[in-house]
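Fold and geometry: a report
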Amino acid sequence: MDNIEQALSFANYQYTLTKERKLLTQKFQENTIIAYNGGLFKITPEFIAGLKAVRSEWSLDINNNPVKIDDMDAFILEAQLAYDKALNEYGAEFNALRAKRNVKSLVNL
Amino acid sequence: MSQGVLLFAHSSEQVNYGILACWMSSRIKKHLQKPVAVVMDQYTYDGLMQSSIIPKKYFDHIIINEVGDLQFRRLGDEMVPFTNFDRTDAYDLTPFDETLVLDVDIVLQSNRLNCVWDSNYDMLISDDSIDIFERDNSEFQHLKEHGIKFRWATEFYFKKTPVAENFFKLCKSAKEDYNWRSVLYGFSNWPLRNDFLWSIAAHDCNVEIPKIPRKLRYSIDRDEIIELRENEIIIGTQTERGPKVLNVAGQDIHVMNKYELMILSAIEIGVLL
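Throughout what follows, the structure given in this document is the object of discussion. Model, not experiment: these values are computed from the prediction. (Residues numbered from 1 in each chain as written. Chains lettered and ligands numbered in written order. Predicted model: local features only at pLDDT ≥ 70, side-chain atom pairs only at ≥ 80, totals over all residues.)

Quick look at the environment of A:K68 now. Residue and element names in this part refer to chain A. Along the polypeptide, K68 turns up in strand β4 (residues 66-68). Taking the C-beta count within 10 Å as the criterion, K68 has 12 such neighbours and is therefore assigned exposed. Along the primary structure K68 and R98 are separated by 30 residues, whereas in three dimensions their C-alpha atoms are 42 Å apart. Sequence-distant contacts of K68, that is, excluding residues within four places in its chain, are made with N37, E57 and W58. (Helix = DSSP H or I, 4+ residues; strand = E, 2+ residues; numbered from the N terminus. Buried ≥ 20, exposed ≤ 12 C-beta atoms within 10 Å, placed from the backbone. Contact = placed C-beta atoms within 7 Å.)

Residues and elements named next belong to chain B. Taken together, the 4 bridges between strand β12 (residues 224-228) and strand β13 (residues 232-239) define a ladder with antiparallel strand orientation. Opposite I225, over in β13, you have I235 as the bridge partner. Where β13 lies against strand β14 (residues 242-249), 8 bridges are found, and the strand directions are antiparallel. The residue bridging T237 from the neighbouring strand is K244, located in β14. (Pairing = 2+ DSSP bridges.)

On to the packing of helix α2 (residues 13-31) of chain A against helix α4 (residues 72-98) of chain A. Residues and elements named next belong to chain A. Interaxial distance between α2 and α4 falls to 9 Å at its minimum, and their mutual angle equals 170°. Considering the angle they form, α2 stands roughly antiparallel to α4. Of α4, the residues touching α2 (which contributes L17, E20, R21, L24, F28 and N31) are A86, E89, Y90, E93, F94 and L97. Residues of the contact of α2 with α4, tallied by class, amount to 7 nonpolar, 1 polar and 4 charged. (Axes fitted to C-alpha atoms, helices over the stretch in contact; angles between N-to-C directions. Parallel < 35°, antiparallel > 145°, perpendicular 65-115°, else oblique. Nonpolar A, V, L, I, M, F, W, Y, C, P; charged D, E, K, R; others polar.)

So, about the environment of A:Y13. All names here are of chain A. Turning to its location among the elements, Y13 is positioned in helix α2. Its 14 C-beta neighbours within 10 Å are what place Y13 among the partly exposed residues. Among all residues touching Y13, those that are not within four sequence positions of it are N102 and V103.

Attention shifts here to the nonpolar core. All names here are of chain B. L7, L20 and M123 are the most contacted members of the largest nonpolar core, which totals 90 residues. Per-element tally for this core: the top contributor is helix α1 (residues 17-31), with 8 residues. Not counting chain neighbours up to four residues away, the residues in contact with M123 comprise F156, Y157, F158, V163, A164, F167 and I209. (Core = buried A, V, L, I, M, F, W, Y, C linked by C-beta atoms within 7 Å.)

Before going further, it helps to spend a moment on the sheet that holds strand β2 (residues 36-40) of chain B. Residues and elements named next belong to chain B. What the 6 strands build is an open sheet, ordered β3-β2-β1-β6-β10-β8; its pairing is mixed. Strands at the two margins of the open sheet, each flanked by one partner only, are β3 (61-64) and β8 (123-126). Here the strands of the sheet are splayed against their neighbours by 20° on average, with no regard to which way each runs. Strand direction decides the pairing type here: β8 and strand β10 (residues 152-159), joined by 4 bridges, are antiparallel.

So, on to the sheet that holds strand β7 (residues 106-107) of chain B. All names here are of chain B. With mixed pairing, the 4 strands of this open sheet are ordered in space as β7-β15-β11-β9. Since the sheet does not close on itself, it has two edges, and those belong to β7 and β9 (129-131), each with one partner. Sheet analysis places strand β11 (residues 216-219) next to strand β15 (residues 253-255), joined by 2 bridges and oriented parallel. Note on β15: the bridge partner recorded for Y218 is H254.

As a further point, take unusual backbone geometry. Following B:W190, the chain continues to B:P191 via a peptide bond in cis, the omega torsion being -10°. Along the chain, the position of B:P191 falls in the loop between α6 (178-185) and α7 (194-204). Not every positive phi belongs to a glycine, and A:N37 is a case in point at roughly 50°. Locating A:N37 in the fold gives a position in the loop between β1 (33-36) and β2 (39-42). For A:N37, a count of 15 C-beta atoms within 10 Å puts it in the partly exposed group.

Taken together, the contacts link 23 residues of chain B with 28 residues of chain A. When contributions to the side of chain B that touches chain A are tallied by element, the ones reaching two or more residues are β12, β13 and β14 of chain B. If one sorts the elements of the side of chain B that touches chain A by residue count, β14(B) sits on top with 7 residues. Each residue belonging to the side of chain B that touches chain A can be placed in one class, and the counts come to 9 nonpolar, 7 polar and 7 charged.

All right, on to the pairing of β10(B) then. Residues and elements named next belong to chain B. Counting buried residues along β10, 8 of its 8 residues qualify, which places the element largely inside the surrounding structure. Across 5 bridges, the pairing between strand β6 (residues 98-102) and β10 is antiparallel. Considered in β10, the bridge of V101 is made with F156.

Attention now goes to α7(B). Residues and elements named next belong to chain B. Most of α7 is tucked away, with 8 of its 11 residues classed as buried. What α7 keeps buried is the set N194, F196, L197, W198, S199, I200, A201 and A202. Close packing links the buried residues of α7 with β8, β10, α5 (162-176) and α6. Looking one or two residues past α7, N206 carries a phi angle of roughly 65°, positive in sign.

All names here are of chain B. Look at α1 against helix α8 (residues 258-268): their axes get within 9 Å of each other, and the N-to-C directions meet at 50°. Regarding the angle of α1 to α8, the classification is oblique. The interaxial crossing formed by α1 with α8 has left-handed handedness. Only L261, M262, S265, A266 and E268 of α8 make contact with α1, whose side of the interface consists of I19, L20 and W23. Here the contact of α1 with α8 is built from residues that sort into 6 nonpolar, 1 polar and 1 charged. (Left-handed = near helix turned anticlockwise from the far one by under 90°.)

If you want it as structure tokens, here you go:
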């Protein structure tokens, strides 16, 4: 960009904030997908609760393929850790974004 | 089972894909910690040597493959030559049992793609994408309106299995019949696009090919890279409502402005262009 200052002065704070928030949401969604025993699982609180309630030897992955879970406790723990980590990161980055009051700081320039 | 990332790099006068591949390899080693193989032609290899780059420093496997014909495509306001004819040979060329093929213009900023390894699936491909500025991306949804679903050849994973082998046979078959396929599916027959071959093969193979579990983020060739840092990229664009700037941090993004990416990636790996 020839004149970054000029670009930034025109750039809309609300636009940038909304888009940056969406990027954070996408990042959170991606970080809640884990690979386990060859399957791909989307981790949500409902998924974890379902695992705890059903305790089957099998679980359906994101493509609805059954995957054998040899150690259910280890799988639940891994799912919980992945979700916690993703949510903590999302929360921290979301809060940091809220504290930024201009476009320049939103995009770390 | 060996696992690794396969890159394709065929430089032209305008874009030094060799340098992009070296930079990409350094990012792969950092984020994915996997061996990297590169397919390049002698022109690209010699170009690296002339830039005082030792390819063996970046790549675990170097596969020299001459591809011949050049095509032209629009990059910004210019038509630039490129070649992409050997991506359909990925199955035959890869030295790995499990291969992740990545374009060299993906800015790798996370280890998310490590979720593909040891998969139960024979192949994983990308079909869902999002423009970071959320412009109309219908051209990346279907080959034409109400046509077959668009699949990206930008990133995909495969194992050496009959299913994956069949997929690549279908890609080659679609390449041979490209003119006819373009009439059948309603897209331009020039230049040849691997994305279209992948879309046709996925459509033809009669099994649902699972997708890499994420949206492929991208910015288009007119967008400008303002800064490329270790774990974030700042991209600007002109819209009807003025210039806009976004920071993509800790997420991978497919950056189509190869000119600027080439310059910034050369700086990152300490190479003078």
